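Chains, contacts and geometry: an overview
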Amino acid sequence: MENKNTDVVIVGAGPAGLIAGREIAKAGFKVIVVERKHSVCDIADFILGMVRVRDQFGVNPVESENTISYPSLGIELNRKETLLNGPQNGLTYISDKSRFGIQYEMPCYLFLDFRKIIEQLHAQAQKAGVSFITGTNGLELIKKGDTVSGVKCRDAKGEEFDIFSRMVIAADGLHSKLCAQAGLQRTDLNCQTQLLGVIYEGFDAYKVKKSDFPVNTFNFFWGTKYSGISSSLCYAVAINDTLQTAVGIHSAGHANPSADIRKTLEHWDSYLKKSVEYSHALKDAKISKKFGTIMPYSACIEKPFCKGFCAIGDSIAMIEITYPGALQSGKYAASCIIESLRHDDFSLESFKPFLEWWKPICKRINNGSKFNSFLHSLNDEEYDQLFGIMGIRHAASVDEVSLSEFVLSALDNLLQHPRPSELSPRIQRFAETIKNMRT
């Protein structure tokens, strides 16, 4: 393939890369998007159903009988084609001794099939004039002095070529090698989660004993009794006629060598099929898919820019799973890049509007990663103690309480515990950490 020249090259055709490409192309600049997958709309199955209609980053839809639209993002979806049966914002911790989370008194089936979002963004970007090169990896940044001037690529046939540009946008997620090449280093939190699980088809949600196990929430199972190993979190969530389950095995450094993946899944499957709440619902269900991935935890890049380079795929879970947040990231960055291209000014000052939005989100995500690592460090007795204190909230509708509001109030319950000396030493230290973070 011959070398190419463009104003902007974007590596990664996820939500952030697509909306950035669309906006920059609409402003009149030439844009090339490079995607390693052979199809832009090829989405990992295990993420299905993780896209909430309402979002904690302030991107809420305008809903009608036939459509769900996000005017600020230029997206309008067919309600019938897009809406999935699934939980909205809810979570419940299940234990023999305690419960934690939000329970709703009414069904709240408000999840989106995000493939429809990707398909629409892809079509919009093409209409705006964006060129796509699929089945191709962005290998290495091209530099002139301290300025990034393009990216070296390799296509599916193994042929290499260069794309020269005024701006390179890395929208290829947390695993991006381009960020390190640009000198944008993350703080390694030295922990990761092995995520593995199954999707059952033929799951009958109506047979779940709802008084004990609310089917319209994410149901979390912390501790060894569910997976057979420590440092694990299991979850179950019903989406349409399927049940998606997973086990997250959290470990310091590399993957946990003591975790036998096959036995772990067998243990989890056996628990679900023997449980009072699930046994009837899973009677005729069959495993349709198995999935697995490794999710490293790293601190976000607080200033994801350098001369000729911008990283907008830096996410961890919060933005990556809540696609409206990723879309916002791409659109905010695009507005700054457009002005930089117009004025040929790629200084950090030109990206100030993006940084003002990104900084508090970055802090929230980094703190969330520390919180997650803490939860995975507890034993079964400590889980019962912590979640018993943090409590459970009953809500009449999904609009009554948000997940983020609930977590904050739950942490207040911990900080206001009348007998802190009765808490385990680790939970006491965690409470002190929360106090220091708030002050």
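Above this note sits the structure.
Because the structure is predicted, anything quoted here is derived from the model rather than measured.

1. As for helix α6 (residues 261-274)
Its 14 residues place the ends of α6 20 Å apart at the C-alpha level, agreeing with the 20 Å of an ideal helix rising 1.5 Å per residue. Among the residues making up α6, those that are buried are T264, L265, W268, D269 and L272. The buried residues of α6 occupy one face: seen down the axis, they fall within an arc of 130°. Across α6 from its buried face, at more than 90 degrees, point the exposed residues R262, K263 and K274.

2. A short note on the pattern of salt bridges
Counted according to the given criterion, the structure contains 14 salt bridges. Between E23 and K26 there is a salt bridge; the shortest N-O distance is 3.8 Å. Within this pair, E23 and its partner K26 are both found in helix α1 (residues 15-26), separated by 3 residues, close to a single helical turn. Between R342 and E339 there is a salt bridge whose closest N-O contact spans 3.0 Å. Separated by 3 residues within a single helix, R342 and E339 lie in helix α8 (residues 323-343), roughly one turn from each other. A single network of salt bridges, built from pairs that share partners, joins D7, R166 and D344.

3. Remarks on unusual backbone geometry
Positioned with a positive phi, D344 is a non-glycine residue whose angle comes to about 50°. Its place among the elements puts D344 in the loop between α8 and α9 (352-376). The class for D344 is exposed, based on a relative accessible area of 55%.

4. Points about the packing of aromatic side chains
Evaluated as defined, the whole model comprises 17 aromatic pairs. With centroids separated by 5.8 Å and ring planes inclined at 45°, the aromatic side chains of F203 and Y278 adopt a geometry described as tilted. Linking F203 in the loop between β15 (188-201) and β16 (218-222) with Y278 in the loop between α6 and β19 (286-298), this pair joins segments that are 75 residues apart in sequence. With respect to class, F203 is no different from Y278; both count as buried.

5. Re the sheet that holds strand β6 (residues 75-78)
Read from one edge of the open sheet, 3 strands run β4-β5-β6, paired in antiparallel fashion. Looking at which strands have only one partner, the edges of the open sheet turn out to be β4 (62-63) and β6. Bridge count between β4 and strand β5 (residues 67-70): 2 bridges; the pairing is antiparallel. Looking at β5, one finds that E63 is bridged to I68.

6. A closer look at the pairing of strand β12 (residues 137-144)
In summary, the side chains of a regular strand alternate between the two faces of the sheet. Here β12 pairs with strand β13 (residues 147-154) via 7 bridges, running antiparallel. Across the sheet, residue G138 finds its bridge partner in β13, namely C153. Taken together, β12 and the strand that follows it, β13, pair antiparallel across an intervening segment of 2 residues, in which G145 is found at a positive phi of about 65°.

7. Here's the deal with the side chain of S227
Looking at where S227 falls in the secondary structure, it is placed in helix α5 (residues 224-227). S227 gets classed as buried once you look at its relative accessible area, which sits at 2%. Residue contacts for S227: discarding those within four places in its chain leaves S232, C234, V247, T264 and H267.

8. Some points on helix α3 (residues 114-128)
Here α3 is 15 residues long and its end C-alpha atoms lie 21 Å apart, about the 21 Å a rise of 1.5 Å per residue gives. One or two steps after α3, the chain reaches G129, where phi turns positive at roughly 110°.

9. What to know about the environment of E119
Note on placement: E119 falls in helix α3. Distance in space between the C-alpha atoms of E119 and V40 is 8.1 Å, their sequence separation being 79 residues.

10. Brief notes about the packing of α9 against helix α12 (residues 425-438)
Where α9 meets α12, the axes come as close as 12 Å, and the angle between the chain directions of the two elements is 170°. Judged by the angle between their axes, α9 and α12 are roughly antiparallel. Taking contact as the criterion, the partners of N367, F371 and F374 in α9 are, on α12, R426, I427, F430 and M437. Residues belonging to the contact of α9 with α12 are distributed by class as follows: 5 nonpolar, 1 polar and 1 charged.

The rules we used
Residues numbered from 1 in each chain as written. Predicted model: local features only at pLDDT ≥ 70, side-chain atom pairs only at ≥ 80, totals over all residues. Heavy atoms only, no water. Helix = DSSP H or I, 4+ residues; strand = E, 2+ residues; numbered from the N terminus. Expected span 1.5 Å × (residues − 1). Buried < 20%, exposed > 50% of the residue type's maximum accessible area, 1.4 Å probe, protein only. Arc of directions from axis to C-beta. Salt bridge = Lys/Arg side-chain N within 4 Å of Asp/Glu carboxyl O. Phe/Tyr/Trp six-rings, centres within 6.5 Å; stacked < 30°, edge-to-face > 60°. Pairing = 2+ DSSP bridges. Contact = heavy atoms within 4.5 Å. Axes fitted to C-alpha atoms, helices over the stretch in contact; angles between N-to-C directions. Parallel < 35°, antiparallel > 145°, perpendicular 65-115°, else oblique. Nonpolar A, V, L, I, M, F, W, Y, C, P; charged D, E, K, R; others polar.

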